[in-house]
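Letter by letter, the chains look like this.
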Amino acid sequence: MPKTISKHFLWAAYGLIPLLLLSACASAPVTGRKQLLLISEDQAIAASEPAYFEMLKKPAQEGKLDNDPDLKARVQAISGRIIAQAIRIRPETTDWQWSIHVIDDPEIVNAWAMAGGRMALYSGLVQKIHPSDDELAQVLGHEIAHALAKHTAEKMSVALATDLALTVWAVTERRSQLALTGASLAAALAIQLPNSRRAESEADRIGIELAARAGYDPRAAVTLWQKMKKAGGGKMPEFLSTHPAPETRIENLRKLIPEMLPYYEAPGERPVYRFKPEAERLPGLKRSKAQKSDREGDAHEPKK
Ligand SMILES: [Zn+2]
């Protein structure tokens, strides 16, 4: 029903016009890059919550969420260490509802993060890329960096400032599957739109540092992207279709390695963020059998 939906969008756009007048300049963490945020981070976080539940509704109903307890535990263990580093950079993000769900789809090589640290990883990324922990840490570090650097708010701002209706039209495929309106729909769409090149290299830069500080080898950033490049053969993995060409980023990441190695090689235990059980909950969603048996106990603990 394109008509109804585009009408919703127009309303959303009109409703958000007053926000444009309150536009604010912010600085991205670590890089200090100036960002024009027409939507505040708090607004982006509030809009992302229903968007997150909506995005996960279909996989949850189809029993395609967190079905592999070992993979879920692995992903949580790695992101837990990286999130602890993110919180060191921005202490207020300790109040976020950091969470990560694994969507069971062997064909999709992708991962995403919304404002406020709500993330998802597709099982296809693991099945097709076979990343080592160090390589998986680069993917998760990159996504956590997007959240940390307010990229959802930035992308939503750009979508509103340019042409929301046109932006919406560009993602026709997913549009009708989402029962969302207004800012939450913009938040859901934001993760499906390509990031700007600057936001991407910023997420690479912050991500490799977070991962290195969390104890993951920065050299894996290069091998990860080489694997990504190879994985598709002629076809591009989805992660690449929403991300810029790998050659330049491989080179840029390679140049960062000497600066990152001391963080990686620094002695001492790395702190681990403990996910809040309430952040893991998906209100109103049926859980699959595998989730039920896993989630009653410690989510970090793989079930045999
Ligand atoms: Zn990215």
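Residues numbered from 1 in each chain as written. Predicted model: local features only at pLDDT ≥ 70, side-chain atom pairs only at ≥ 80, totals over all residues.

1. Let's talk about the overall build of the chain
Part 1 of the reasoning: Along the chain, the regular secondary structure elements total 15 helices and 5 strands.
Part 2 of the reasoning: Counting only residues that meet the buried cut, the chain has 43% of its 304 residues in that class.
Part 3 of the reasoning: Taking the intrachain contacts of the chain between residues at least 6 apart in sequence as the baseline, contacts between residues at least 24 apart amount to 77%. (Helix = DSSP H or I, 4+ residues; strand = E, 2+ residues; numbered from the N terminus. Buried ≥ 20, exposed ≤ 12 C-beta atoms within 10 Å, placed from the backbone. Contact = placed C-beta atoms within 7 Å.)

2. A word on the pairing of strand E4 (residues 111-114)
Part 1 of the reasoning: Side chains of E4 alternate between two faces, with Ala-111 and Ala-113 and Trp-112 and Met-114 buried alike.
Part 2 of the reasoning: As paired strands, E4 and strand E5 (residues 118-122) are joined by 4 bridges and run antiparallel to one another. Counterpart to Ala-111 in the pairing with E5 is Leu-121. (Pairing = 2+ DSSP bridges.)

3. Description of the sheet that holds strand E3 (residues 99-103)
Part 1 of the reasoning: In spatial order, the strands read E3-E5-E4; together these 3 strands make up an open sheet with mixed pairing. Edge positions in the open sheet fall to E3 and E4, since each of these has one partner strand only. Along the sheet, successive strands turn relative to each other by an average axial angle of 15 degrees, direction set aside.
Part 2 of the reasoning: Bridging between E3 and E5 involves 5 bridges; their strand directions are parallel. Residue pairing in the sheet places Ile-103 in a bridge with Tyr-122 of E5. (Axes fitted to C-alpha atoms, helices over the stretch in contact; angles between N-to-C directions.)

4. Quick look at helix H5 (residues 133-148)
Part 1 of the reasoning: With 16 residues, H5 should reach 22 Å at 1.5 Å per residue; the first-to-last C-alpha distance of 21 Å fits that figure.
Part 2 of the reasoning: Of all 16 residues in H5, 15 are buried; the element is thus mostly enclosed.
Part 3 of the reasoning: At the exit of H5 stands Lys-150, carrying a positive phi of roughly 60 degrees. (Expected span 1.5 Å × (residues − 1).)

5. Some points on the nonpolar core
Part 1 of the reasoning: Ile-82, Leu-121, Ala-137, Ile-144 and Ala-187 are the most contacted members of the largest nonpolar core, which totals 68 residues.
Part 2 of the reasoning: Once residues lying within four places of it in the same chain are set aside, the contact partners of Ala-137 are Ile-78, Ile-82, Ala-211, Ala-214, Tyr-216 and Ala-220. (Core = buried A, V, L, I, M, F, W, Y, C linked by C-beta atoms within 7 Å.)

6. Remarks on the environment of Gly-207
Part 1 of the reasoning: Tracing the backbone shows Gly-207 in helix H10 (residues 197-213).
Part 2 of the reasoning: Counting along the chain gives 61 residues from Gly-207 to His-146, while the straight-line C-alpha distance between them is 8.3 Å.

7. A word on the confidence of the model for the chain
Part 1 of the reasoning: This prediction gives the chain a mean pLDDT of 80; 71% of its residues lie at or above 70.
Part 2 of the reasoning: A low-confidence stretch, residues 17-23 (pLDDT under 50), is modelled with 7 contacts involving residues beyond four sequence positions or located in other chains. (pLDDT = per-residue confidence, 0-100.)

8. Concerning unusual backbone geometry
Part 1 of the reasoning: Despite not being glycine, Asp-66 has its phi angle at roughly 50 degrees, a positive value.
Part 2 of the reasoning: On the secondary structure map, Asp-66 appears in the loop between helix H2 (41-61) and helix H3 (69-89).
Part 3 of the reasoning: At His-130, a position not held by glycine, the phi torsion is positive, near 50 degrees.
Part 4 of the reasoning: Of note, His-130 is situated in the loop between helix H4 (123-129) and H5.

9. So, the packing of H5 against helix H11 (residues 220-231)
Part 1 of the reasoning: Where H5 contacts H11, the axes come no closer than 8 Å and their chain directions differ by 85 degrees. With respect to each other, H5 and H11 are oriented roughly perpendicular. Facing Asp-134, Glu-135, Ala-137, Gln-138 and Val-139 of H5, the residues of H11 in contact are Ala-220, Ala-221, Thr-223 and Leu-224.
Part 2 of the reasoning: Here the residues of the contact of H5 with H11 sort into 5 nonpolar, 2 polar and 2 charged. (Parallel < 35°, antiparallel > 145°, perpendicular 65-115°, else oblique. Nonpolar A, V, L, I, M, F, W, Y, C, P; charged D, E, K, R; others polar.)

10. Re the packing of H11 against helix H13 (residues 246-265)
Part 1 of the reasoning: At a minimum axis separation of 9 Å, H11 and H13 run at an interaxial angle of 170 degrees. Considered as vectors, H11 and H13 are oriented roughly antiparallel to each other. The element H11 and its partner H13 pack so that their crossing is left-handed. Here Ala-221, Val-222, Trp-225, Gln-226, Met-228 and Lys-229 of H11 lie close against H13, whose contacting residues are Pro-246, Arg-249, Ile-250, Leu-253 and Arg-254.
Part 2 of the reasoning: Along the lines of polarity and charge, the residues of the contact of H11 with H13 split into 7 nonpolar, 1 polar and 3 charged. (Left-handed = near helix turned anticlockwise from the far one by under 90°.)

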